[in-house]
Amino acid sequence: MVATPSTMLPLGTKAPSFSLPNVCTNQSIDLQTVDIHKGCLIAFVCNHCPYVIHLLDPLVRMSNEWVKKGIKVFLISSNDADKYPDDSPVKMRELAEKKQFQFPYLYDEDQSVALAYRAACTPDFFLFDSKLSLFYRGQFDDSRPGNQLEATGTELSLAVDSLLLNQPAPKVQKPSLGCNLKWKSGNEPEYFKPKK
């Protein structure tokens, strides 16, 4: 795996629109028609990445709570499922059911949404306000597989709390770090530079 940081899209960027299938319901979700009353968390993840597996349980638990508080949560998998079959829609649905997602798990088959968000790694987090302006982007917390720190979601949670309380965005926002997004051949963006 290639440890890859997020690209840190400029704060204030408007959320690119998308229409993607929810693997849990087989219905498409169009961001433009979703009622974003309080805010929206979009996270690029996948099933097989050790960085995602490391924080998945607290992420799901916290996301289920955020949904109750009015935050829309969308997890998106954009990986090449042909080369990484654990990231296929069938496996995505199995994971969502096993972990009891109370939010959609979306499949970005052509990777166009990942490109629009300049997503680089799994996990890659983007928190938008009620007007879909980027409020926070970066890491879940300082925990990584093998560094002995518990995954608590401290930094992402602080950002969500600030958004819900109409407080300013956190001044310090550190890039997320994870496995590089698994691009299909020919889809690799200019910002993707794998280590030799």
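Reading guide: rules and limits
- Residues numbered from 1 in each chain as written.
- Predicted model: local features only at pLDDT ≥ 70, side-chain atom pairs only at ≥ 80, totals over all residues.
- Heavy atoms only, no water.
- Pairing = 2+ DSSP bridges.
- Helix = DSSP H or I, 4+ residues; strand = E, 2+ residues; numbered from the N terminus.
- Contact = heavy atoms within 4.5 Å.
- Axes fitted to C-alpha atoms, helices over the stretch in contact; angles between N-to-C directions.
- Buried < 20%, exposed > 50% of the residue type's maximum accessible area, 1.4 Å probe, protein only.
- Right-handed = clockwise from strand over helix to strand, strands pointing away.
- Phe/Tyr/Trp six-rings, centres within 6.5 Å; stacked < 30°, edge-to-face > 60°.

1. Regarding the sheet that holds strand 7 (residues 121-122)
Paired through their backbone hydrogen bonds, the strands of a sheet run either parallel or antiparallel. Here we have three strands laid out as an open sheet, ordered 1-10-7, and antiparallel in their pairing. Whereas interior strands pair on both sides, the edge strands pair on one side only; in this sheet they are strand 1 (3-5) and strand 7. Where strand 7 lies against strand 10 (residues 177-180), two bridges are found, and the strand directions are antiparallel. Within the sheet, the bridge partner assigned to T122 lies in strand 10 and is C179. The sheet contacts of helix 1 (residues 50-68) involve strand 1, strand 7 and strand 10, and relative to strand 10 the element is tilted by about 135°.

2. What about the pairing of strand 4 (residues 39-45)?
The element strand 4 is largely enclosed, with a buried count of seven among its seven residues. By the alternation rule, side chains of strand 4 split into G39, L41, A43 and V45 and C40, I42 and F44, which are all buried. For strand 4 and strand 5 (residues 71-77), the ladder comprises seven bridges, and the chain directions are parallel. Residue pairing in the sheet places V45 in a bridge with S77 of strand 5. Note on the crossover from strand 4 through helix 1 to strand 5: the handedness is right-handed. Where strand 4 lies against strand 8 (residues 124-128), five bridges are found, and the strand directions are antiparallel.

3. Here's the deal with the side chain of N64
Inspection of the secondary structure assignment puts N64 in helix 1. N64 sits in the buried class, given a relative accessible area of 14%. If we skip the residues at most four places from it in the chain, N64 touches Q100, F101, Q102 and F103.

4. Thoughts on unusual backbone geometry
Look at the link from T122 to P123: it is a cis peptide, with omega at 5°. Mapped onto the elements of the fold, P123 is located in the loop between strand 7 and strand 8. Here the phi dihedral of N26 falls at roughly 65°; this positive angle occurs in a residue that is not glycine. The class for N26 is exposed, based on a relative accessible area of 62%. The phi torsion at N166 lies on the positive side, around 60°, for a residue other than glycine. Take N166: it is sitting in the loop between helix 4 (154-164) and strand 10. Exposure remark for N166: the relative accessible area of 72% places this residue in the exposed category.

5. Some thoughts on the environment of V73
With respect to the secondary-structure elements, V73 resides in strand 5. The class for V73 is buried, based on a relative accessible area of 2%. Placed 30 residues apart in sequence, V73 and A43 show a C-alpha to C-alpha distance of 8.0 Å.

6. A look at the packing of aromatic side chains
One pass over the full model with this rule turns up ten aromatic pairs. Look at F44 and F126: their rings are 5.8 Å apart centre to centre, the planes differ by 85°, and that puts the pair in the edge-to-face class. Of the two residues, F44 sits in strand 4 while F126 sits in strand 8, which places them 82 residues apart along the sequence. The exposure classification of F44 matches that of F126, with both residues buried.

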